[in-house]
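Okay, here's what each chain looks like letter by letter:
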Amino acid sequence: MPEVFTYRNDSPSRITPEGTLAGLRVAVQPNLAVRGWPCDAGSRALSGYTALQDATVIARLVRAGAVLSGSSRMAELGFGLTGDTSARTVVDGHADVALITDTMGEVRLAAAGAGLFGLKPTYGLVSRHGLAGLVPSMESIGLAGADPGRIAETLAVMAGADPDDPSMPDDCTAGFSAVPPSGTGSLTAGVIEENLTRLDPEERLVFDVGVARLEAAGVAIQTVNLADYGLFQDVHHLIAAVEASSSAGKFDGVRYGHRSAVGKNWNDMYLNTRAESFGSLIKPFLFQGAYFQFERYAAFENACRLRGRLVRAVDDLLGQVDLIVLPTRRPASDPKRAATIQATYAAFALTLPASVTGHPALQVPNPGLAAAQDTGLQLIGRRLDDGRLLAIGQHLSFAAREGR
Amino acid sequence: MKYEAVIGLEIHVQLNAATKLFCDCPNRPGDAPNRNVCPVCLWLPGALPRLSQEALEKAVLGCLALNCTIQNESAFDQKVYYYPDLPKGYQLSQHHKPLARNGWVDIVGPDGGLKRLCIHHIHMEEDVAKLVHETEGRTPISLVDFNRAGTPLIEIVSEPDMHTPHDAMEYVKALRAQLRYTGSAECSLEQGTLRVDANISLRPVGTEVLNTKVEVKNMNSIHNVGDAIAYEIIRQTECLEKGEPIVLHTRLWDPERRVTAPMRAKFEGPCVPDPSVAPIVVTDVWLDAVRGRLPEMPARKSARFMETYGLEPDEAAAMSAERDLSEFFESVVERDLPPRKTAGWIASQLVPLLRERNRSVGQTHLTAERFAALLGALKKEIVNTQSAREILGQLLDSPDALEEIIQKGGHRQLSDTGDLETLVDRVLAAHPADVADYRSGNPKVLGFLMGQAMKASQGKANPKVLKALLAQRLG
Ligand SMILES: [Zn+2]
């Protein structure tokens, strides 16, 4: 088994040992800048690149007393979970919270596979400054851990306005309070009928167990409809590929990262560098994005329009119910073994909706089930309802511990 | 068949904001290579663009000066192409939602009448890095200087309203004057802070057909703009007459050979909305505040100069054409000097001297106070016109006080009748034949004798006194 960390922090600094997060151990992926640490985002394109400054979230965590334990392995440029070890940093006891960038459901699936809680925060709630990302309009620095309360405290430190990330929407600038807006009582959760019909009998069975736990915790369950549910995958795929193609445009070997040793002139150097920089999963994804940029721009525009429609549809649903419930993962497809784009999208099918719409989503483990069986329960909330989701998660966690 | 040219111009203007468009690096492309760079403009992983408010304001001032409507919402797109001068692999530019639309400038047509030329839109974008390809030697080397990468530009896209090289040249001049007035841009074609690309196509006179256009670049003076367009019109006309098709392509103007030549096709990439730069939402309050910083523009100022100071239209136009000179003019006049005489001196004496030195008045030692003092000395006949011209040159170049310059240069005018009498007598004695000629009825000789007397005084004699004395002595 490969080493969990690609970089291990042997001399953790303790600037504020009495801060709100004093002693909290945080693991990061190597796409998040920690000054002086390797930051290659799991790609040859950035081989040898060392971060020059701390990402905003890193600076905030360290200031609050958190200790950075190290940098895990990750899928190339954060596309999927192939080879990712970030959740293991928590399972193996090296960290209390792992920061996992969620572009299509990575933090939720990594947590689900490890029996942990995993939160993809509301898009824009957390600064992206210092995140060597791939899909700027979808990615969110997520948090995985065993204790939703600690996740909430950690998020409270990470969240909120950052002058270095002016793309954060105005409604997110107030930040996030670890104290949820209200109690968990008298809540309603919507189960999407169009999703239910796609589950096989076994998945359905496990999902029903999870929904029953919610119900037992006092949440009213209601079946709701989302006619466009089938569109999430194509919309995500098209927009993410186009943005990934743009984001990876900077990897040309001119200023940093890998540079090909062969080439007669700059143009050769450029082509060879890019050809050598990317692995077999991300490369076709970048090609697909470039294809839509250059050859099928109308399809991209159409996907953007549909995305707007999907955001409105989910907002409408969240007007009828307080949260939406989905399973997190499909046991048949292992995201860590996905070798093709198709296999990757199949593994992430259930987490794409919240990535497309930007709503917060929390993976909740079912401690009553064996890890291989547990498909996880995914709670999707209203924008900035991250605290409430974590409070529900906390509640379910206590209930499970008390054996209810 | 007779053809008519249809010309549209795309003009890039560098804004003189203190920083780059999306980071705090100094907007000084000319510094030592790669001095003005940071994680944002080098686009290191994890960097995010932060739109400069100053650049936005300067862009908006420029748009207002060109009579454009500022859009309530504008946004940046990624113009994708792969070239080492682009650190991101795309250029941030406003393609789908430009900052401003529907502007115009007025030019004087060849018939002397006013002609309004329309602007389709103005958008903001970032400049690219500078590349040096060294192909000599065994291994070709390419060097990149990122000082210019990310510096703020506006691109002004005209309607295809122009039909002659004259139109195009006047359009560039009018636009340049308006933009310089706002103080947002230097607009020098020579220094590349204003770059003109011309799209030229021909169509049979009297039709509205849209023909294939050819783009011409690399004109680094107003005259080159006119010459390149004139050349391209002739070239395309000959093509059509020979039955050769016009193909869409880009040509470079060669100022040495005075021809346009085709350049390697530049790849036109797609434009994708950028998810990281927040859309620019302009509120009425903000826009009013920026509008309030717009100076009085030349047309209005010219009218006021006629009304307030009684200038003639051409004088008023000359005094309002450049903002710094117009402010200089007013500042001199406010020191109680006659406006028309002041305007005359500025236009006929000061402007040529500035042009010789290739400087604006602010870049010299001349101040309104010094200039007013000089005109005052002239009025009080302390110096004569000829000396005043010479002194003006020294007031521009040295910080010395006027009094000192007059003293040191011996410019004080000789008005003392006694001294001048001696001088006149000496001149007349030296030219007996001419004196006789005058006395025998040839009045033209007076001019010659006057010149000799002035020369003898080293140009310092009071001409009025001198002339009276000569007439008296000869009479
Ligand atoms: Zn910079």
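Please read all numbers here as calculations on a predicted model, not as lab measurements. (Residues numbered from 1 in each chain as written. Chains lettered and ligands numbered in written order. Predicted model: local features only at pLDDT ≥ 70, side-chain atom pairs only at ≥ 80, totals over all residues. Heavy atoms only, no water.)

*Asks:* Account for the interface of chain A and chain B, naming residues and giving values.
*Replies:* Counting residues at the interface gives 35 residues for chain A, matched by 34 residues for chain B. Buried area between chain A and chain B, summed over both chains or domains, comes out near 2700 Å², and the portion from carbon and sulfur atoms is 66%. When the buried area of chain A at its contact with chain B is split by residue, Arg-255, Trp-266 and Phe-294 of chain A rank highest and sum to 22% of it. Along the contact surface separating chain A from chain B lie one salt bridge. The salt bridge partner of Asp-164 of chain A is Arg-50 of chain B, with a shortest N-O separation of 3.1 Å. Summed over the shared surface of chain A and chain B, the result is eleven residue pairs in polar contact (both at pLDDT 80 or more). Of all elements in the fold, only α7 (232-247), α8 (266-277), α9 (282-294) and α10 (297-320) of chain A reach the threshold of two or more residues within the side of chain A that touches chain B. The greatest single-element share of the side of chain A that touches chain B, amounting to four residues, is contributed by α7 of chain A. When its residues are assigned to classes, the side of chain A that touches chain B shows 16 nonpolar, ten polar and nine charged. (Contact = heavy atoms within 4.5 Å. Buried area = accessible area lost by both parts, 1.4 Å probe. Salt bridge = Lys/Arg side-chain N within 4 Å of Asp/Glu carboxyl O. Polar contact = N/O pair within 3.5 Å; in protein donor to acceptor, adjacent residues only side chain to side chain. Helix = DSSP H or I, 4+ residues; strand = E, 2+ residues; numbered from the N terminus. Nonpolar A, V, L, I, M, F, W, Y, C, P; charged D, E, K, R; others polar.)

*Asks:* I'd like a rundown of the sheet that holds strand β1 (residues 5-8) of chain A, residues and numbers included.
*Replies:* Strand-to-strand pairing in sheets goes through backbone hydrogen bonds, with the strands running parallel or antiparallel. Residues and elements named next belong to chain A. Taking strand neighbours across the sheet as the criterion, the eleven strands line up as β1-β3-β2-β4-β6-β5-β10-β11-β9-β7-β8 in an open arrangement whose pairing is mixed. The strands lining the two open edges of the sheet, one partner per strand, are β1 and β8 (220-224). Strand-to-strand, the axes of this sheet are offset by a mean angle of 25 degrees, without reference to chain direction. Contacts from helix α13 (residues 386-401) reach β5 (117-120), β9 (323-327), β10 (361-364) and β11 (377-381) within the one sheet, and its direction differs from that of β10 by about 10 degrees. (Pairing = 2+ DSSP bridges. Axes fitted to C-alpha atoms, helices over the stretch in contact; angles between N-to-C directions.)

*Asks:* I'd love a proper account of the domain arrangement of chain B, names of residues and values included.
*Replies:* One frequently used descriptor of interface size is the decrease in accessible area upon assembly of the parts. When the domains of chain B are assigned, the result is domain 1 (3-286), domain 2 (298-409) and domain 3 (417-474). Each of domain 1 of chain B and domain 3 of chain B has a C-alpha centre, and these two points are 63 Å apart. (Domains from an automatic or database assignment.)

*Asks:* Please set out the pattern of salt bridges residue by residue, giving values where relevant.
*Replies:* All told, the structure shown has 44 salt bridges over all chains when counted by the stated rule. A single network of salt bridges, built from pairs that share partners, joins Asp-164 of chain A together with Asp-24 and Arg-50 of chain B.

*Asks:* Can you tell me about the coordination of the zinc ion, naming the residues and giving the values?
*Replies:* Residues and elements named next belong to chain B. Taken together, Cys-23 (SG), Cys-25 (SG), Cys-38 (SG) and Cys-41 (SG) make up the full set of protein donors to the zinc ion, lying 2.3 to 2.4 Å away. For the zinc ion, the donor residues sit on a single chain with the sequence spacing C-x1-C-x12-C-x2-C. Pair noted here: Cys-23 is in the loop between β1 (3-14) and α1 (53-65) and Cys-38 is in the loop between β1 and α1, with a separation of 15 residues, a long-range link. Just as Cys-23 is buried, Cys-38 falls in that class too. (Donors = N, O, S within 2.8 Å, 3.2 Å for Na, K, Ca; no water. Buried < 20%, exposed > 50% of the residue type's maximum accessible area, 1.4 Å probe, protein only.)

*Asks:* Could you give an account of helix α6 (residues 201-216) of chain A, with specific residues and numbers?
*Replies:* Residues and elements named next belong to chain A. Look at α6: 22 Å from first C-alpha to last across 16 residues, which is about the 22 Å you get at 1.5 Å a residue. Restricting attention to buried positions, one finds in α6 the residues Glu-203, Val-206, Phe-207, Gly-210, Val-211, Arg-213 and Leu-214. The arc that holds every buried residue of α6, seen down its axis, measures 150 degrees, which confines them to one face. Exposed positions of α6 whose direction lies more than 90 degrees from the buried face are Pro-201, Glu-202, Leu-205 and Ala-216. Gly-218 occupies a position one or two residues after α6 and carries a positive phi of about 100 degrees. (Expected span 1.5 Å × (residues − 1). Arc of directions from axis to C-beta.)

*Asks:* Which residues make up the packing of aromatic side chains, and what values go with them?
*Replies:* One pass over the full model with this rule turns up 17 aromatic pairs over all chains. For the ring pair Trp-266 of chain A and Tyr-83 of chain B, a centre distance of 4.8 Å and an interplane angle of 90 degrees mean the geometry is edge-to-face. Here Trp-266 of chain A, found in helix α8, pairs with Tyr-83 of chain B, found in the loop between β4 (77-80) and β5 (90-93), and the two come from separate chains. With relative accessibility at 19%, the residue Trp-266 of chain A sits in the buried group. With a centroid separation of 5.4 Å and an interplanar angle of 55 degrees, the aromatic rings of Phe-328 of chain B and Phe-371 of chain B are classed as tilted. Linking Phe-328 of chain B in helix α7 (residues 323-333) with Phe-371 of chain B in helix α9 (residues 368-379), this pair joins segments that are 43 residues apart in sequence. The burial state of Phe-328 of chain B is the same as that of Phe-371 of chain B; both residues are buried. Lying over the aromatic face of Trp-43 of chain B, Lys-88 of chain B brings its terminal NZ or CZ to 4.9 Å of the ring centre. Across from the ring centre of Trp-104 of chain B, 3.4 Å away, lies the NZ or CZ of Arg-116 of chain B, which sits over that ring. (Phe/Tyr/Trp six-rings, centres within 6.5 Å; stacked < 30°, edge-to-face > 60°. Lys NZ or Arg CZ within 6 Å of the ring centre and 35° of its normal.)

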